[in-house]
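Each chain is listed here by its residues.
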Amino acid sequence: MPKYIMWGTYCDNVIEKRAPYRQAHLDGLAQQKAAGVLITIGPTKDLTQCFGIYEADAEAIVRQLIESDPYWQNGIWTEYDVKEWIQAI
């Protein structure tokens, strides 16, 4: 099954702005992980970007998951890019 990487950008003042949506965001990620579609995801240490690895049948599935996330819907993630990834090792 294809793997995809996602790089996203966070809004300014992300710590404060994410608070109302954080639990719903984390719950959704946990569901994706349990379903096997999300391999890993997390922020950069400086909280300016996030990085994720997904395993899905199509890029459209990954984009739908990202765009249905409360962080995307509420402007916490301000932009993102998805690329199919070839895992060499």
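Structure shown above.
Residues numbered from 1 in each chain as written. Predicted model: local features only at pLDDT ≥ 70, side-chain atom pairs only at ≥ 80, totals over all residues. Heavy atoms only, no water.

### Observations regarding the sheet that holds strand β4 (residues 77-85)
And then number 1: Across the sheet, which stays open at both edges, the four strands sit in the order β2-β3-β1-β4 with antiparallel pairing between neighbours. Each of the sheet's edge strands pairs with one partner strand only, and the pair in question is β2 (38-43) and β4. Neighbour-to-neighbour, the strand axes of this sheet turn through a mean angle of 15°, independent of strand direction.
And then number 2: Note: strand β1 (residues 3-10) against strand β3 (residues 49-55), seven bridges, orientation antiparallel. Residue Gly-8 lies in a different strand from β3, and its bridge partner there is Cys-50.
And then number 3: Its contacts with the sheet put helix α2 (residues 22-35) on β2, β3 and β4, and the angle it makes with β2 is roughly 150°. (Pairing = 2+ DSSP bridges. Helix = DSSP H or I, 4+ residues; strand = E, 2+ residues; numbered from the N terminus. Axes fitted to C-alpha atoms, helices over the stretch in contact; angles between N-to-C directions. Contact = heavy atoms within 4.5 Å.)

### Regarding the pattern of salt bridges
Opposite charge on two side chains allows them to pair when their charged atoms are near.
And then number 1: Enumeration according to the criterion identifies one salt bridge in this entry.
And then number 2: For Arg-63, the salt bridge identified is with Glu-59, shortest N-O distance 2.8 Å. Here Arg-63 and its partner Glu-59 are both found in helix α3 (residues 59-67), four residues apart, which amounts to about one turn of the helix. (Salt bridge = Lys/Arg side-chain N within 4 Å of Asp/Glu carboxyl O.)

### Concerning the packing of aromatic side chains
And then number 1: A full pass over the atoms with the stated rule returns three aromatic pairs.
And then number 2: Geometrically, the ring pair formed by Tyr-71 and Trp-77 is edge-to-face, given 5.9 Å between the ring centres and 85° between the ring planes. Take Tyr-71 and Trp-77: they sit in the same class, and that class is buried.
And then number 3: With centroids separated by 5.0 Å and ring planes inclined at 85°, the aromatic side chains of Trp-72 and Tyr-80 adopt a geometry described as edge-to-face. (Phe/Tyr/Trp six-rings, centres within 6.5 Å; stacked < 30°, edge-to-face > 60°. Buried < 20%, exposed > 50% of the residue type's maximum accessible area, 1.4 Å probe, protein only.)

### Quick look at the pairing of β2
Every other side chain in a regular strand lies on the same face of the sheet, so the side chains alternate between the two faces.
And then number 1: Here β2 runs beside β3; their pairing, made up of five bridges, is antiparallel. Within the sheet, the bridge partner assigned to Ile-41 lies in β3 and is Gly-52.

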